[in-house]
Amino acid sequence: MPIATPEVYNEMLDRAKAGKFAYPAINVTSSQTLHAALRGFAEAESDGIIQISTGGAEFLGGQHSKDMVTGAVALAEFAHIVAKKYDVTVALHTDHCPKDKLDGYVRPLLAVSEERVARGENPLFQSHMWDGSAETLADNLSIAQELLERARAAKIILEVEITPTGGEEDGVTHEINDSLYTTVDDAIRTAEALGLGEKGRYLLAASFGNVHGVYKPGNVVLRPELLKELNEGVAAKFGKASPFDFVFHGGSGSTEQEIATALDNGVVKMNIDTDTQYAFTRPVAAHMFQNYDGVLKVDGEVGNKKTYDPRTWGKLAEASMAARVVEACSNLRSAGTKIK
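A. Up close: the environment of G314. One can find G314 in helix α13 (residues 310–331). C-alpha separation for the pair G314 and P283, spaced 31 residues apart in sequence, amounts to 9.0 Å.

B. Seen up close, helix α10 (residues 274–290). Between the first and last C-alpha of α10 there are 24 Å, a value that for 17 residues agrees with the 24 Å anticipated at 1.5 Å per step. Inspection of α10 places T276, A279, F280, P283, V284, A286 and H287 among the buried residues, and these make up the whole buried set. As for α10, its buried residues are in contact with β1 (23–27), α2 (31–44), β10 (267–272), α11 (292–295), α12 (305–308) and α13.

C. Structural detail: helix α8 (residues 226–238). End to end, α8 covers 19 Å across 13 residues, agreeing with the expected 18 Å (1.5 Å per residue, within 8%). All buried positions along α8 are accounted for by L226, L227, L230, N231, G233, V234 and A235. Check the buried side of α8 and you find it contacts α7 (184–194), β9 (246–248), α9 (256–264) and β10. Looking one or two residues beyond α8, the residue adopting positive phi is G239, at roughly 75 degrees.

D. Geometry of the environment of M12. The residue M12 is located in helix α1 (residues 6–19) in this model. Sequence-wise, M12 and K305 are 293 residues apart; in three dimensions their C-alpha atoms are separated by 45 Å. Setting aside residues no more than four positions away along its own chain, M12 makes contact with A4, Y23, D47, G48, T89 and I339.

E. Examining empty space enclosed by the protein more closely. Enumeration over the complete set of coordinates arrives at one cavity of 30 Å³ or more. Taken as a whole, the largest cavity spans an internal volume of roughly 40 Å³. Taken together, L34, I50, Q51, I52, L75, A76, A79, L92, H93 and F125 make up the lining of the largest cavity. Within the residue set of the lining of the largest cavity, elements represented by two or more residues are β2 (48–52), α4 (68–82) and β3 (90–94). Classifying every residue of the lining of the largest cavity gives eight nonpolar, two polar and no charged.

Each value, and the rule that gives it
Residues numbered from 1 in each chain as written. Predicted model: local features only at pLDDT ≥ 70, side-chain atom pairs only at ≥ 80, totals over all residues. Heavy atoms only, no water. Helix = DSSP H or I, 4+ residues; strand = E, 2+ residues; numbered from the N terminus. Expected span 1.5 Å × (residues − 1). Buried < 20%, exposed > 50% of the residue type's maximum accessible area, 1.4 Å probe, protein only. Contact = heavy atoms within 4.5 Å. 1 Å grid on protein atoms, 1.4 Å probe; cavity = no way out; pocket = protein on both sides within 12 Å on 5 of 7 lines; lining within 4 Å. Points joined across faces, edges and corners; volume = space filled by probe spheres on them. Nonpolar A, V, L, I, M, F, W, Y, C, P; charged D, E, K, R; others polar.

Here it is, written out as structure tokens:
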């Protein structure tokens, strides 16, 4: 069962929450980065999440048309075939989608899965993200209600981001300031609008100082203990213990202690993109510098086909990214927890 069924995906998330670990959610932009993620999960004996952002989907759609839906569907279909060769279970997810891209990305993808479910099949993706962090909370939750209803009917889990994450992600930018911390009132309003499971399951990307992109430890003030306050505040009002399944965004540069605290307080999914991008590119750069006169036709020579063959440096990139995924599984305590 390489691609999780809706039932298995729910089981995965329940196991993570009970075991206080999280699944690395690895952004991919090609068949090769997909294989790198799958390889990393397999080597770590960890189930995981493969995700495609709007920018990643546009890239996958090809530079001629840049069609996001085509790109996402094509890679998802490809994943359903090649994942069978890896002894782990993965869920397919779409990452950040702001309001102006919903009609060109998430809503059409929901329609694809609705058609599949109507035929008695499983959805193509197991979860989708709605990023309404640039909207008012009222507008954000209003759109989330519509999307959650459709997602539930298609056996899909929705991820919502209710308050800003700093930095830049696929063109969505937020300043790094005090607004990067979700309040208990924000969490209560979310529970009032979306329920606590009875209207459909959702993952909550709450903000505790997170910043997308690249930063060194100490440059951003993360407060993962805030997640405990959000859970307790909502639990006190609604009587449901540990009500939220949290997502950790903007984790590059986080310390091991910050990650551990987040896991202890309910994080079940952590997005990883910047670090795996670098892991993929670093050996390629080394190969090009070390084989300069082979990858280029210098001074009228013909170069060395074995060095500029994309398979040569592509294998190095895949291995390096896979190793970074293994590291992520270890940090998030998911290594060795795969569903048997």
